[in-house]
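This is what each chain is made of:
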Amino acid sequence: MPKNYMIGNWKMNQSLTEIETFFKNVKLEDNQNNFWIAPQTLHYSKCAELAGPTGVLVGTQNISDQEQGAFTGEISADSLMEMGGHFCLIGHSERRSLYGETDEFINRKVAKAIEKGLVPVLCVGETLAEREANNTLSVVLGQLKSGLKDISLNNEAELIIAYEPVWAIGTGKTASPEQAEEVHAAIRVLLEELYGETGKDISLLYGGSVKPSNVKELLGQTNINGGLVGGASLKAEDFSALCSAC
Ligand code: PGA
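A few points on the structure.

Conventions adopted
Residues numbered from 1 in each chain as written. Predicted model: local features only at pLDDT ≥ 70, side-chain atom pairs only at ≥ 80, totals over all residues. Heavy atoms only, no water. Helix = DSSP H or I, 4+ residues; strand = E, 2+ residues; numbered from the N terminus. Polar contact = N/O pair within 3.5 Å; in protein donor to acceptor, adjacent residues only side chain to side chain. Contact = heavy atoms within 4.5 Å. Salt bridge = Lys/Arg side-chain N within 4 Å of Asp/Glu carboxyl O. Buried < 20%, exposed > 50% of the residue type's maximum accessible area, 1.4 Å probe, protein only. Phe/Tyr/Trp six-rings, centres within 6.5 Å; stacked < 30°, edge-to-face > 60°. Core = buried A, V, L, I, M, F, W, Y, C linked by side-chain atoms within 4.5 Å.

Turning our eyes to something else, we now look at the side chain of Thr-60. Tracing the chain through its elements places Thr-60 in the loop between β3 (57-58) and α3 (77-82). In terms of polar contacts, Thr-60 uses its side chain to reach the backbone carbonyl oxygen of Asn-62, at 2.8 Å. Those residues in contact with Thr-60, other than ones at most four positions away along the chain, are Ala-38, Thr-41, Ile-75, Leu-80, Phe-87, Cys-88 and Leu-89.

Attention shifts here to the pattern of salt bridges. Per the stated rule, a full pass over the model turns up 15 salt bridges. Arg-131 is the salt-bridge partner of Glu-126, the closest N and O atoms lying 2.8 Å from each other. Like Arg-131, Glu-126 is buried.

Looking now at the packing of aromatic side chains. In total, this model carries seven aromatic pairs according to the counting rule given. With a centroid separation of 4.8 Å and 65° between ring planes, the pair formed by Tyr-5 and Trp-36 is classed as edge-to-face. Taken together, the residues Tyr-5 in strand β1 (residues 5-9) and Trp-36 in strand β2 (residues 35-38) connect sequence positions 31 residues apart. Here Tyr-5 and Trp-36 have matching classes, each one buried. Ring centres 4.8 Å apart and planes at 80° place the aromatic pair Trp-10 and Phe-22 in the edge-to-face group. Of this pair, Trp-10 sits in the loop between β1 and α1 (16-25) while Phe-22 sits in helix α1; the two residues are twelve residues apart in sequence, bridging distant segments of the chain. Both residues of the pair, Trp-10 and Phe-22, belong to the buried class. Three or more aromatic residues link up through ring pairs in this structure, and these residues are Trp-10, Phe-22, Phe-23 and Phe-239.

Let's shift gears to the environment of Phe-35. For Phe-35, the position within the fold is in strand β2. Put simply, Phe-35 and Lys-235 are 200 residues apart on the chain and 14 Å apart in space, counted from C-alpha to C-alpha.

Further remarks concern the nonpolar core. In this structure, Met-6, Phe-23, Leu-144, Leu-148, Ile-161, Ile-187 and Tyr-206 are the most contacted members of the largest nonpolar core, which totals 59 residues. It is helix α8 (residues 177-195) that contributes the most residues to this core, seven residues altogether. Apart from the residues lying within four places of it in its own chain, the contact partners of Met-6 are Asn-34, Phe-35, Trp-36, Val-215, Leu-219, Gly-227, Val-229, Phe-239, Leu-242, Cys-243 and Cys-246. One finds Phe-87, Leu-89, Val-121 and Cys-123 within the second-largest nonpolar core, a separate group that totals 14 residues.

Here it is, written out as structure tokens:
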């Protein structure tokens, strides 16, 4: 069985005071190391310190594909590991659309993360125009095939996939549980093709305007194993509610 996760993507949000308030108020039941937060990288240490007693695990929103050296502004996988990091988001649609990240580049980052022992949360998703042109599955499966090119796994815990339709991110428009499940089921088939038995147990998260009011219905779908959440992960009460639904 794939493990369920709830992952907060804080993007470029949260002041230090807001972070302190968040960790003071977050209440997590039945924590099985499956509640994760990706703050701004500058806040990584502070979050890791405050998150300790709550059991929330902390990661980053991006990672470098390079080992070390003259790469101004990049985040080193080795340094994140040294700091006790657990995971990194890779290929979020904002990285793809605003910063020009390509599938090949994303593939190198996935390889680097796994090589270093970080769990990559590989994000994929179609734009509204792609959905309206009936290209959803070809776009999403194409992003996955490229992002996972030559990536081998020892076990299912080494990789998480997040399906996030671009038109649902930060818009308040969630994919219906059926729309999301259709894509998740197709992703599951591809993962089984690529990884055999291991592919059956890789966690598939849905992202895009997930909130306490719609999370249960989404998680009720066969192939939805949790959420990657932006806006609703910023407030402790909402994140706590999302985690208890998980
Ligand atoms: P949202 O963001 O929950 O605010 O739609 C999700 C994401 O970008 O990961």
